[in-house]
Amino acid sequence: MQNNKTVHALQWTGSALKVLDQRLLPEKIIYDEYQDAIGVTEAITTMRVRGAPAIGIAAAYGVALSVQKYYAQSSHWREKVDADIELLAKSRPTAVNLFWALDQMKAMLAMPLDNPPAAILAGAEKIHNDDITANYKMGELGADILSGAKSVMTHCNAGALATGGYGTALGVIRSVYKRQAIKVYAGETRPWLQGARLTVWELAQDGIPSTLIADSAAAWLMKFGALDWIVVGADRIAANGDVANKIGTYALAVLARQHGVKLMVVAPTTTIDWAIDSGNQIELEQRSPNELLPACYNHKDSLVSAWNPVFDVTPAKLISAIVTERGVILNPAEQDIRSLKNAI
Ligand code: MRU
């Protein structure tokens, strides 16, 4: 199933989780090994691993590591695993895949299990493999929609690095590139530079050429009619089709509407939060001002501060298509995405 050429950000070694440190890309390719849930929590918090589906998968392996560690040690192993699950749940707030994956693991732990370490690890591996399968499915569905398009732009990194493998938005771009020539633009994605450091690197690993632009150049690119589609991933989709994604997605959606460019959101159904009716209910992570501030302002008497929200919400009415592994919703403001809830 997996494309061996495509980078794998998360790898299970048999006893530990190997995580590609995305803070160091593209200069260095370094994998760290995590033996427990505390380590996995730290890997998520510090963004060694990032991207909604990858965060959920890493957390699932974190629970597997917790069971592996405590099951043989103590008859109170379940309490210790519960404490680790709580810790993992605090690692990042916006990507719902984290909470979805932890709920899956909790449901498994609530069942009678002959061999809990083996069963919970199998559960984590299934979450990982199902995500890859979903990405390939979405790749084909999204490529069908992009048929004949001459150019796409993506934002942030919604690729193999951000998922179990292959990617959501980049999965669609990979799939369409196999079928036809297409020009790919990537926004640099300030301040963390997921586009400049990760997306263009990941595409180059697969031999797919891309053109990097400053985020602020997107409007001008659209003005010249150089763009047909914007294709992005999502961190959380509300039941009304509003989409939380990397900061700057909303700006691109507004610009796209002004210039007649279409916006596609590609995300597995594990990214849909059926419990919330609107994007207004999504907690949007604020990260440290130091990710933005030049070091000289980073002291307590500084007159310069920074506001650093790392996600925004794009209303459903600005989205042309939401692509999931269960099917496509065109114009989600008009076609209810709830029809996907029980689809297979
Ligand atoms: O802060 P990050 O890098 O974790 O943000 C990631 C994104 O916003 C992605 O676009 C989203 O998680 C989709 S990844 C398939």
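Residues numbered from 1 in each chain as written. Predicted model: local features only at pLDDT ≥ 70, side-chain atom pairs only at ≥ 80, totals over all residues. Heavy atoms only, no water.

Peer 1: Got a minute to help me understand the overall build of the chain in this structure?
Peer 2: Each helix and strand counted, the chain has nine helices and 14 strands in total. Scaling as 2.2 N^0.38, a compact globule of 344 residues should have a C-alpha radius of gyration of about 20 Å, and the chain matches this with 20 Å. Across its three principal directions, the C-alpha atoms of the chain cover 65 × 55 × 40 Å. Here the chain, with 344 residues, has 56% of them falling under the buried criterion. (Helix = DSSP H or I, 4+ residues; strand = E, 2+ residues; numbered from the N terminus. Rg over C-alpha atoms; globule rule 2.2 N^0.38 Å. Buried < 20%, exposed > 50% of the residue type's maximum accessible area, 1.4 Å probe, protein only.)

Peer 1: Looking at this structure, how should I read the pattern of salt bridges?
Peer 2: As a working rule, side chains carrying opposite charge can pair if their charged atoms are close by. Summed over all chains, the structure comprises 18 salt bridges. We note a salt bridge from Lys106 to Asp103, for which the minimum N-O separation is 3.7 Å. With Lys106 and Asp103 both in helix α4 (residues 96-109) and three residues apart, this pair spans about one turn of that helix. Judged by relative accessible area, Lys106 falls into the partly exposed class, the value being 43%. (Salt bridge = Lys/Arg side-chain N within 4 Å of Asp/Glu carboxyl O.)

Peer 1: What should I look at first to understand the site of the ligand in this one?
Peer 2: The immediate surroundings of the ligand are formed by 19 residues, with Arg50, Arg92, Asp235, Asn245 and Lys246 found nearest. Contacts to the ligand include Gly51, whose backbone N or O atom sits 3.0 Å from an oxygen atom. Between an oxygen atom of the ligand and a side-chain N or O atom of Lys246, the distance comes to 2.7 Å. For the ligand, the accessible surface in isolation is 410 Å², of which the surrounding protein chains cover 100%. Secondary structure elements with two or more residues in the shell around the ligand: α2 (52-70) and β9 (243-246). Class assignment for the residues of the shell around the ligand results in eight nonpolar, seven polar and four charged. There are two domains that each give the shell around the ligand at least three residues, and those are domain 1 (10-133) and domain 2 (139-340). (Near = heavy atom within 4 Å. Polar contact = N/O pair within 3.5 Å; in protein donor to acceptor, adjacent residues only side chain to side chain. Areas by Shrake-Rupley, 256 points an atom, 1.4 Å probe, with all protein chains shown as cover. Nonpolar A, V, L, I, M, F, W, Y, C, P; charged D, E, K, R; others polar. Domains from an automatic or database assignment.)

Peer 1: I tried to follow the sheet that holds strand β7 (residues 229-232) on my own but got confused; where do I start?
Peer 2: For sheets, the rule is that strands pair by backbone hydrogen bonds, running either parallel or antiparallel. Spatially, seven strands are ordered β6-β5-β4-β7-β10-β13-β14 in an open sheet, and the strand pairing comes out mixed. Where the open sheet ends on each side, the last strands, each with one partner, are β6 (211-213) and β14 (327-330). Strand-to-strand twist across the sheet, computed as the mean angle between neighbouring axes with direction ignored, equals 25°. As paired strands, strand β4 (residues 151-154) and strand β5 (residues 183-187) are joined by four bridges and run parallel to one another. Bridging across to β5, Val152 finds its partner in Val184. Sitting on the sheet, helix α6 (residues 169-179) is in contact with β4, β5, β7 and β10 (262-266), with an inclination near 155° to β4. Against the sheet, helix α7 (residues 194-205) contacts β4, β5 and β6, and its axis sits at roughly 155° relative to β5. (Pairing = 2+ DSSP bridges. Axes fitted to C-alpha atoms, helices over the stretch in contact; angles between N-to-C directions. Contact = heavy atoms within 4.5 Å.)

Peer 1: Please explain the nonpolar core as it appears in this structure.
Peer 2: Across soluble globular proteins, you tend to see nonpolar side chains buried next to one another. The biggest cluster of nonpolar side chains holds 38 residues, and the ones touching the most others in it are Leu17 and Val63. Going through the elements one at a time, β1 (10-12), β2 (17-20), α1 (37-45), α2, α3 (77-89), α4 and α5 (116-145) are the ones with two or more residues in this core. Among the elements that line this core, the one with the most residues is α2, at 13 residues. For Val63, the contacting residues outside a window of four places in its chain are Val81, Ile85, Leu88, Leu102, Met105, Leu109 and Ile120. The next biggest cluster of nonpolar side chains, apart from the first, holds 26 residues, and it includes Ala218, Ala256, Ala267 and Leu340. (Core = buried A, V, L, I, M, F, W, Y, C linked by side-chain atoms within 4.5 Å.)

Peer 1: Would you take a moment to explain the packing of α1 against α2 for this structure?
Peer 2: If you want to describe how two helices pack, look at the angle between their axes and the distance between the axes. Running from N to C, α1 and α2 cross one another at 165°; their axes reach a closest spacing of 8 Å. Classified by the interaxial angle, the pair formed by α1 and α2 is roughly antiparallel. By crossing handedness, the relation of α1 to α2 is classed as left-handed. From α1, Ala37, Val40 and Ile44 reach across to α2, where they touch Ile55, Ala58, Ala59, Gly62, Leu65 and Ser66. The residue makeup of the contact of α1 with α2, split by class, is seven nonpolar, two polar and no charged. (Parallel < 35°, antiparallel > 145°, perpendicular 65-115°, else oblique. Left-handed = near helix turned anticlockwise from the far one by under 90°.)

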